[in-house]
Amino acid sequence: MAFTAALQMSVDDAEAALKMAQEINSRAGGYTQEVDNFQTTLKVPLGKAEEVLEKIEKLGTVTSRRISGEDLTDQLVDLDVRFKNMETLRARLTALLAESKKVEDTLKIEQELNRVTTDLERLQAQLKNANNRVAYVDMTVSFNASDPQPAPRISFPVPWIARLGSSAGKAVPTANGCDRQPFEMELPPDFVAVSSDGVEFNAVSADDCVLRLTRRDDLKGGSPAFWGELIKRSLSELNNYTITGRETFINHEGIRGELFTADRNIGRSSFRYQLLFFHFGKGFLTDNELYLVEFWGPADAFDLHAKQVKEVYDTVDLSIWH
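All figures in this text were calculated on a predicted structure; none of them were measured in a lab.

Reading the values: the criteria
Residues numbered from 1 in each chain as written. Predicted model: local features only at pLDDT ≥ 70, side-chain atom pairs only at ≥ 80, totals over all residues. Heavy atoms only, no water. Helix = DSSP H or I, 4+ residues; strand = E, 2+ residues; numbered from the N terminus. Rg over C-alpha atoms; globule rule 2.2 N^0.38 Å. Buried < 20%, exposed > 50% of the residue type's maximum accessible area, 1.4 Å probe, protein only. Contact = heavy atoms within 4.5 Å. Phe/Tyr/Trp six-rings, centres within 6.5 Å; stacked < 30°, edge-to-face > 60°. Core = buried A, V, L, I, M, F, W, Y, C linked by side-chain atoms within 4.5 Å. Polar contact = N/O pair within 3.5 Å; in protein donor to acceptor, adjacent residues only side chain to side chain. Axes fitted to C-alpha atoms, helices over the stretch in contact; angles between N-to-C directions. Parallel < 35°, antiparallel > 145°, perpendicular 65-115°, else oblique. Left-handed = near helix turned anticlockwise from the far one by under 90°. Nonpolar A, V, L, I, M, F, W, Y, C, P; charged D, E, K, R; others polar. Pairing = 2+ DSSP bridges.

Caption draft 1: Up close: the overall build of the protein chain. Within the protein chain one finds seven helices and twelve strands. Taken against the 2.2 N^0.38 rule, which gives 20 Å for 322 residues, the C-alpha radius of gyration of the protein chain at 31 Å runs more than 25% over that of a compact globule. In terms of its C-alpha atoms, the protein chain occupies a principal-axis envelope of roughly 115 × 40 × 35 Å. Buried residues in the protein chain amount to 43% of all 322 residues. Summarising the internal contacts of the protein chain: among those between residues at least 6 apart in sequence, 64% fall at separations of at least 24.

Caption draft 2: Here's a closer look at the packing of aromatic side chains. Scanning the model with the defined rule gives ten aromatic pairs in all. Where Trp160 meets Trp227, the ring centres are 5.8 Å apart and the plane angle is 25 degrees; that geometry is what we call stacked. Of this pair, Trp160 sits in helix α5 (residues 159–162) while Trp227 is found in helix α6 (residues 224–238), placing the two residues 67 residues apart along the sequence. In this structure, Trp160 and Trp227 share a single accessibility class: buried. Ring pairing ties together the aromatic residues Trp160, Phe226 and Trp227, which thus form one cluster.

Caption draft 3: How the structure looks around the nonpolar core. Ranked by size, the top nonpolar core spans 23 residues in total, and within it Met185, Leu211, Phe278, Val293, Phe295 and Tyr313 carry the most contacts. For this core, the secondary structure elements donating two or more residues are β7 (200–205), β8 (210–217), β11 (269–280), β12 (289–298) and α7 (299–313). Non-local contacts of Met185, meaning those with residues more than four positions away in its chain, are made with Leu211, Leu213, Val293, Val312, Tyr313, Thr315 and Val316. Judged by nonpolar contacts, the second largest core, of 22 residues, contains Leu7, Ala14, Ala17 and Met20.

Caption draft 4: Expanded view of the side chain of Ser234. Within the secondary structure, Ser234 sits in helix α6. By relative accessible area, which is 0% here, Ser234 ends up buried. From its side chain, Ser234 meets the backbone oxygen of Ile161 in a polar contact 2.6 Å long.

Caption draft 5: Just the side chain of Thr261, in detail. Note that Thr261 resides in strand β10 (residues 256–266). The class for Thr261 is buried, based on a relative accessible area of 17%. At 3.0 Å, the side chain of Thr261 forms a polar contact with the side chain of Gln274.

Caption draft 6: A look at the packing of helix α3 (residues 73–99) against helix α4 (residues 103–135). Put simply, α3 and α4 touch, their axes get as near as 9 Å, and they point 155 degrees apart. Taken together, the axes of α3 and α4 are roughly antiparallel relative to one another. α4 is crossed by α3, and the crossing has left-handed handedness. In terms of residue class, the contact of α3 with α4 is made up of 16 nonpolar, seven polar and seven charged.

Caption draft 7: Seen up close, the pairing of β7. Most of β7 is tucked away: five of the six residues are buried. As defined by bridge partners, strand β6 (residues 191–196) adjoins β7 across five bridges and the pair is classed as antiparallel. Pairing of Ser196 across the sheet is with Phe201, part of β7. Connecting the antiparallel pair β6 and β7 is a turn made up of three residues, with Gly198 showing a positive phi of about 90 degrees. Two strands pair when backbone bridges link them, and β7 and β8 are joined in this way by five bridges, in the antiparallel orientation. Along β8, the bridge assignment pairs Asn202 with Arg212. Taken together, β7 and the strand that follows it, β8, pair antiparallel across an intervening segment of four residues, in which Asp208 is found at a positive phi of about 75 degrees.

Right, here's the structure in full:
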């Protein structure tokens, strides 16, 4: 079987993603056949194709994927038979040439031998090409650069949802000395409060991770399913994340929330992002509000803090608002 794959991807940095795709393939033992602007054709070893495809897809958001196969069995068998027959013919002609006594016969045999040798070389090239098609997957990848902070689409109904995750990989929030939280939650170890405006609160670690607490107004008719779907679309469609986890979360008060985890590549750097949100309707001191905890940072730093951050999620205290 000769396999071909075609990917179209949306990325923040098309040039960097192109180089990364070539490096991923090179490390797997493949090579680059062609580069045309931000499109490349890679020759990927068959045994490594699935691994290479998975890694390249993590460079951004896959907008189109096509994989196909062609059975070359008959073609290879036919070429092999023809090649062996032609080799036998060349051997016979070479023997006849050695035995030839007449100049006229010698010239005719040499002429036929040259023709057979040329055909043999052509068959050898066709065999090599066919075997190469079987041994390597032809993978064409096209990268379309996207704006790192894409403007919300006209059809996207809630602008602030469209901006979720768009700060990952950018400068940490500027400190203003305020530490008022929009709702109560303990800070994980090694995080300090840097800014707040009463609605949005930011804390940072020394290794560029950010923890953000935000309170937002709900919309009439809003539901966990509605907000969950918008969050998923914002992360994957607008901000180029690959969602790696989505699970139900219940805090110590018994309030049900939803926890998203996602990955994103910006140039050569990998970032992780996590979003925990709670939704409930009208209460004693609340009028249909949403409560969000965002946590993001470089992949290595994120992984270092992830366990302790997830532990403090359980300290989210909304009872005063509920």
